[in-house]
Amino acid sequence: MVDISIKELDYESIPYNLLLLADDSKDAIEDYISRGRCYGAYINQNIVGIYVLLKTRSFTIEIVNIAVKKEYQNQGIGKKMVLDAINRAKLENFKVLEVGTGNCGICQLALYQKCGFRITHVDRDFFNKHYEEKIIENGIECVDMIRLSIDL
Ligand code: ACO
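Please read these numbers as outputs of a predicted model, since none were measured by experiment.

Engineer: Is there a simple way to think about the site of the ligand in this case?
Structural biologist: What surrounds the ligand is a group of 25 residues, the closest being Ile 66, Val 68, Gly 76, Gly 78 and Gln 108. In this structure, Ile 66 approaches the ligand through a main-chain N or O atom, which is 2.7 Å from a nitrogen atom. In isolation the ligand has 1,000 Å² of accessible area, and contact with the protein removes 75% of it. Elements with a minimum of two residues in the shell around the ligand: helix H1 (16-22), strand E4 (60-68), helix H3 (77-91), strand E5 (96-102) and helix H4 (106-114). Looking at the shell around the ligand, the element that brings in the most residues is H4, giving seven residues.

Engineer: Sorry if this is basic, but what is going on with the pairing of strand E9 (residues 145-151) here?
Structural biologist: Successive residues of a regular strand alternate their side chains across the two faces of the sheet. Within E9, six of the seven residues are buried, leaving the element largely enclosed by the surrounding structure. When E5 meets E9, the two strands line up antiparallel, connected through seven bridges. Bridge pairing links Glu 98 to Ser 149 in E9. Across five bridges, the pairing between strand E6 (residues 118-123) and E9 is antiparallel. Considered in E9, the bridge of Ile 119 is made with Leu 148.

Engineer: Honestly, the sheet that holds strand E3 (residues 46-57) in this entry has me stumped. Any pointers?
Structural biologist: Pairing between the strands of a sheet is mediated by backbone hydrogen bonds and can be parallel or antiparallel. Reading across the sheet, the seven strands line up as E1-E2-E3-E4-E5-E9-E6 and stay open at both edges, with mixed pairing between neighbours. Among the strands making up the open sheet, the edge pair consists of strand E1 (5-8) and E6. Strand-to-strand twist of the sheet, defined as the mean angle between neighbouring strand axes without regard to direction, takes the value 30°. The sheet contacts of helix H2 (residues 26-35) involve strand E2 (37-43), E3 and E4, and relative to E3 the element is tilted by about 75°. Strands E1, E2, E3, E4, E5 and E9 of the sheet are contacted by H3, whose axis makes an angle of about 160° with E4.

The rules behind the values
- Residues numbered from 1 in each chain as written.
- Predicted model: local features only at pLDDT ≥ 70, side-chain atom pairs only at ≥ 80, totals over all residues.
- Heavy atoms only, no water.
- Near = heavy atom within 4 Å.
- Polar contact = N/O pair within 3.5 Å; in protein donor to acceptor, adjacent residues only side chain to side chain.
- Areas by Shrake-Rupley, 256 points an atom, 1.4 Å probe, with all protein chains shown as cover.
- Helix = DSSP H or I, 4+ residues; strand = E, 2+ residues; numbered from the N terminus.
- Buried < 20%, exposed > 50% of the residue type's maximum accessible area, 1.4 Å probe, protein only.
- Pairing = 2+ DSSP bridges.
- Axes fitted to C-alpha atoms, helices over the stretch in contact; angles between N-to-C directions.
- Contact = heavy atoms within 4.5 Å.

Given below as structure tokens:
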């Protein structure tokens, strides 16, 4: 497994290209990075991954974006970032960590469940309602948002 260090990013140094791997909507990204906190995963001085935490209710926080640079995917970095988010949320006394992903995101659904998340519900037609462009991954059209959470 590769060795990474994770640190909080200043608003000015947030790499949009990485956030766009996880979310096609620039408007959504603008909204949550202005309200949330971004963390970068580094190998030496190079940023290879990012995740964003957003407090949504008193004791609930959500991973609203997580992405690893294409050439560094499938090397355990995404899992390390999810586990880092879980630890961070626990340390900050949150009770629930949530995440949502498209119905077509087979790798994403595997990753979250392997980190202990359980499916809570399906936000049907979320992508039809909120995204203009059609998203297809793994040959499946992305229409519903699968919502998952972990009790901390
Ligand atoms: N079946 C079973 N397990 C799978 C599968 C599969 N088809 N695909 C992946 N996995 C597992 C891996 O085996 C691994 O588990 P393990 O370590 O227990 O074996 C786990 O999923 C995660 O693997 P990592 O190597 O840690 O994942 P990676 O570093 O590639 O990061 C990520 C995952 C962030 C989803 C990355 O692929 C990415 O950036 N994708 C594009 C952006 C994206 O889709 N982001 C998430 C959108 S949802 C949101 O942002 C809230």
